[in-house]
Structure formats: C-alpha cells, structure tokens
Amino acid sequence: MQWIDQIRKVKILLVLTAIIIAVASLLVSHFMVRDLSLEERNKMEVWAQALHALNHADENTDLSLVLSVIQENNTIPVIVLNADGELNDYRNVLISNAHNESDSVKYVTSYGQRLYRSGHYIKIMIGDKNSPKDYQLVCYDESLMLKRLAQYPYWQLGIVLIFVVVAIFALLSSKRAEQNKVWVGLSKETAHQLGTPISSLMAWVEILKENYPDDDLVPELEKDVNRLQRIADRFSKIGSLPEPVDASMKEVLEHVIDYMDRRTSSKVQIVRHFPEHDVIVKMNASLFEWVIENLCKNSVDAMEGAGQIQLTLFEEEDLVVVEVADNGKGIRKKDIKDVFTPGFTTKKRGWGLGLSLARRIVEEYHKGHIYVKSSELGKGTTFRVEIPQRKAKKT
C-alpha cells in the first residue's frame, strides 16, 4: 500500500508540474501578445496621423513621406469609415473570390463596423472640429502574425498534452505487461513447486485408504489433497488462455459454498439467492470458482469471522451476474478504486494479489467485468461479477 501512495504522490507532482508549466507558458504568451498588440496600436496611430496629414496636405506637406508611411502597412488589416459608418477605403483585408464588388463593399463595411464596436479604431478629424460628422474612423484588426502567436501556446500545449498522454499510456502498458509476466511466472513456479509434494501426498492417501479403509479421516484428507491439486492446477493456468466450456454456474457456486461451510466458523452464514432453473455459461469453472472463493474469503475477513454473506445469481439481458454481499466493516471510499490494484491490501497479513488475480480471470479469461457495486463503512460491501451469457441454455 505504501508504494501505491508513493506512485499517487508522483502522479500528483507531475500533474502540478504540468499545470505550472502550462500557466507559465500562457502568461509569457499573454504578455508577448499584449506588447505586440500595443506596438500595432502605435503603428496604426502613426498610420492614422499620416492619413490625416494626407487629407490636410498643402504645398508644405512632404507627400512622399506621408505616402511611404501609409504604404508601409502590409500586415495590419485597416478599414476607413466615414461618420455615417460607410466605407471610404480599406487595406490588407482578405476578400473571397466568391464575392462580387457589391458584396465585397458590404462585407468590408460590416467588418469595419464590427471592429469599431469592439473598440479597435482611431478617430481622425478631416475638417472643422466644430462639425459633429466631419471625421473618419480608422478601424483596424490584429495582424495575422499576432493572431497566430496568440493561438500558438494552445496548440503547443495540446501537442505536449497528447505526447504526455501517449507516453504515460505506453509506460503504464509496459509496466502492466511487466507485472503480468511477474505474476504469471510466480503462479507457474508455485504450481511447479506444489506438484511434487502433492503427488507424494496423493500416494500416501492411497496407502492410508488400503491400510485403514474404515477410517473417517482418510476421505477428508483425500478431499484436502484434491483441493491442493485443484489449487496447483489453477496456478498453472494463469498466463494461458484456457478454452471456456459450458458449465453450470449454480454448480460452481454450490462448490464454493460447500468449501466455505467446511472451513469457516459456524457464525458465518451463507445465504443463497439462486433461480430455480440452471444457468449454463461458457467459462473455466475451476478459475471462476477461485474468483468467488476469493470474494467470499474477503467477506469473512471483513466480518471478522461472524456475519452473513448473500450470494446472489441472476440473469440480466445478455449477462450472467453474481453478487457477493456481506455485512462486514466495509471499504473506505478512497480505497475502492485501489482494491483490484496488485499489492494493495488493508490486512496486516497478505500480499494483496487475490482481487487483482480475480479481475484478471474475470476480464481477460471470461471477457466479463468485476467491480465494487457498493460499500459503506460499518454496513458491508457488495462485489458484482458480470459474465457474457454467450447463448446460454436453460434446463
């Protein structure tokens, strides 16, 4: 659990770092755009003064200088309107070829009026200052370069975000594949190591059956040895993809109940909620039985050896659903998302592998889904397992 908390802290730190970088990038871009916008405003004021000088030109006016200032603007869109909002002149405005002359005038006029309403204009007088309509409006827009610069950090952040997401996904996939190899190797090695002593125990059971045929303990010992053999068989199947076959879900659950009844306290009661008809599902019965056993054992631990387990089986559209509910101590909300994470456990003893293996069996081998349906501290937890029906037959 400690290493899970460390990973979570690292993720939070990375997210905070990314946010700081993003904010810093946006602030730098904002200040650059603001400065360039002020510079373009100053250029347009000079351009407007040149236009004013051209309107009031006399024999002392240096027209070459005035015209040079006006013609030097090749980037900033500018539209000159009269006091009535009608078009006088325009420059650097891109007009589609689809517009005819009349439509072009309307388009440019409308464009200029929008700039005026947004406050992007400079007012210049062209005649008598006392005349209320003796002026022109020099309306201007941001240059294409300035617009692109304003959008650039967002494109940059988007590309970086996509790269980070892909990198994280690749790292998680690589880590998950590595973890799977570890679990598979551990499972197969465990099965291999159990094989020799189990074979020896089976031989001894046969000897005991011959020498003590009437002893009541021998059959029980044989059941335990067979149980060990099934466990070893389950471990050996981890990592492979066993072919699912038609099996009775009710029979699988009955095996689990029988096993739990013989190995748990009499204070633990398992209540069945099964349909009257049988439910046939394509599955690996041995592995799926292990899943339900794990859930039941977790319920017994949560109830601390005393309580009631509700084992429910029903069909829902194209799914077969098994729910395991207990009235134990429940799971904290912040821990629910981690219960299937390898290594996570709230017990003092244990490796935290049971539920992670259960999810692997349900989702990878049976193409189903397992999750915590509900949990409340002091009231209990309900786990839900969903398996595709795959044309199940009722008998």
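Structure's up top.
About the cut-offs
Residues numbered from 1 in each chain as written. Predicted model: local features only at pLDDT ≥ 70, side-chain atom pairs only at ≥ 80, totals over all residues. Heavy atoms only, no water. Helix = DSSP H or I, 4+ residues; strand = E, 2+ residues; numbered from the N terminus. Buried < 20%, exposed > 50% of the residue type's maximum accessible area, 1.4 Å probe, protein only. Contact = heavy atoms within 4.5 Å. Areas by Shrake-Rupley, 256 points an atom, 1.4 Å probe, with all protein chains shown as cover. Pairing = 2+ DSSP bridges. Axes fitted to C-alpha atoms, helices over the stretch in contact; angles between N-to-C directions. Expected span 1.5 Å × (residues − 1). Phe/Tyr/Trp six-rings, centres within 6.5 Å; stacked < 30°, edge-to-face > 60°. Patch = residues over 30% accessible without salt bridge, like charges linked within 9 Å, V, L, I, M, F, W, Y side chains within 5 Å. Salt bridge = Lys/Arg side-chain N within 4 Å of Asp/Glu carboxyl O. Core = buried A, V, L, I, M, F, W, Y, C linked by side-chain atoms within 4.5 Å.

**Student:** What is the right way to read the overall build of the protein from this model?
**Tutor:** The secondary structure content of the protein amounts to nine helices and 11 strands. When burial is assessed residue by residue, the protein has 35% of its 395 residues classed as buried. Put simply, of all contacts in the protein between residues at least 6 apart along the chain, 67% involve residues at least 24 apart. Looking at the protein as shown, the accessible area adds up to about 24,700 Å², and 57% of this sits on carbon and sulfur atoms.

**Student:** Got a minute to help me understand the pairing of strand β4 (residues 135–140) in this structure?
**Tutor:** For a regular strand, the rule is simple: side chains alternate between the two faces of the sheet. Buried residues dominate β4, accounting for six of its six residues. Here β4 shows a buried face lined by Y135, L137 and C139 and a second buried face lined by Q136, V138 and Y140. Here five bridges tie strand β1 (residues 78–82) to β4, and the two strands are oriented antiparallel to one another. Across the sheet, residue V78 finds its bridge partner in β4, namely Y140. Alignment of strand β3 (residues 121–125) against β4, held across five bridges, turns out to be antiparallel.

**Student:** When you look at the sheet that holds strand β8 (residues 307–316) in this model, what are you seeing that I'm missing?
**Tutor:** Sheet strands pair by backbone hydrogen bonding; their relative direction is either parallel or antiparallel. Judged by pairing direction, the sheet is mixed, and its five strands sit side by side in the order β6-β8-β9-β11-β10 without closing on themselves. Strands at the two margins of the open sheet, each flanked by one partner only, are β6 (268–273) and β10 (369–376). Averaged over neighbouring strand pairs, the angle between their axes works out to 15° when direction is ignored. Inspection of the sheet shows β10 paired to strand β11 (residues 380–388) by seven bridges, in the antiparallel sense. Of the residues in β11, the one forming a bridge with I370 is V385. Those strands touched by helix α7 (residues 285–302) are β6, β8, β9 (319–326), β10 and β11, and its axis lies near 20° from that of β9. Sheet strands in contact with helix α9 (residues 354–365) are β10 and β11, and its direction is about 135° off that of β10.

**Student:** Can you walk me through unusual backbone geometry in this structure?
**Tutor:** Residues other than glycine predominantly adopt negative phi, and peptide bonds predominantly adopt the trans conformation. For N92, which is not glycine, the phi torsion reads 65° and is therefore positive. Mapped onto the elements of the fold, N92 is located in the loop between β2 (87–91) and α3 (101–117). A positive phi angle, close to 55°, is found at K367, a residue other than glycine. Here K367 is to be found in the loop between α9 and β10.

**Student:** For this particular structure, what's the right way to read α7?
**Tutor:** An α-helix turns once every 3.6 residues. As a result, residues three or four positions apart point the same way. Over its 18 residues, α7 runs 26 Å from end to end, which matches the ideal 26 Å to within 8%, given 1.5 Å per residue. Looking one or two places after α7, you find E304, whose phi comes out positive at around 55°.

**Student:** I tried to follow the side chain of S29 on my own but got confused; where do I start?
**Tutor:** Take S29: it is sitting in helix α1 (residues 2–55). Taking relative accessible area as the criterion, S29 reaches 11% and is therefore assigned buried. Among residues more than four places away in sequence, those in contact with S29 are L149 and P153.

**Student:** Sorry, what's going on with the packing of aromatic side chains here?
**Tutor:** The relative placement of two aromatic rings is captured by the distance of their centres and the angle of their planes. Applying the stated criterion across every chain yields a total of three aromatic pairs. Here Y107 and Y111 contribute two aromatic rings whose centre-to-centre distance is 6.2 Å and whose plane-to-plane angle is 40°, an arrangement assigned as tilted. Here Y107 pairs with Y111, and both are found in helix α3, just four residues apart, close to one helical turn. An angle of 50° between the planes, with centres 4.6 Å apart, marks the rings of Y116 and Y121 as tilted. Residue classification places Y116 among the partly exposed positions, given a relative accessible area of 37%. When its relative accessible area of 28% is taken as the criterion, Y121 is described as partly exposed.

**Student:** What is the right way to look at a nonpolar patch on the surface in this model?
**Tutor:** A surface patch of nonpolar side chains, about 610 Å² in accessible area, is lined by I12, V15, L16, I19, V23, L27 and F31. Tracing the chain through its elements places I12 in helix α1. The class of I12 is partly exposed, set by a relative accessible area of 48%.

**Student:** Got a minute to help me understand the nonpolar core in this structure?
**Tutor:** Soluble globular proteins tend to bury their nonpolar side chains together. If you look at the biggest cluster of nonpolar residues, it comprises 45 residues, and the most contacted ones within it are M249, F288, I292, L295, L311 and V322. With eight residues, α7 is the largest single contributor of residues to this core. When sequence neighbours within four positions are dropped, the list of residues in contact with F288 reads M249, V252, M283, V322, I361, H366, V385 and I387. Counting residues in each nonpolar core, the second largest holds 14 residues, with L51, V80, I122 and I124 among its members.

**Student:** Any chance you could explain the sheet that holds β4 here in plain terms?
**Tutor:** Read across the open sheet, the four strands follow the order β2-β1-β4-β3; overall the sheet is antiparallel. The sheet is open, and its two edges are formed by β2 and β3, each paired on a single side. Direction aside, neighbouring strands of the sheet carry axes that sit 20° apart on average.

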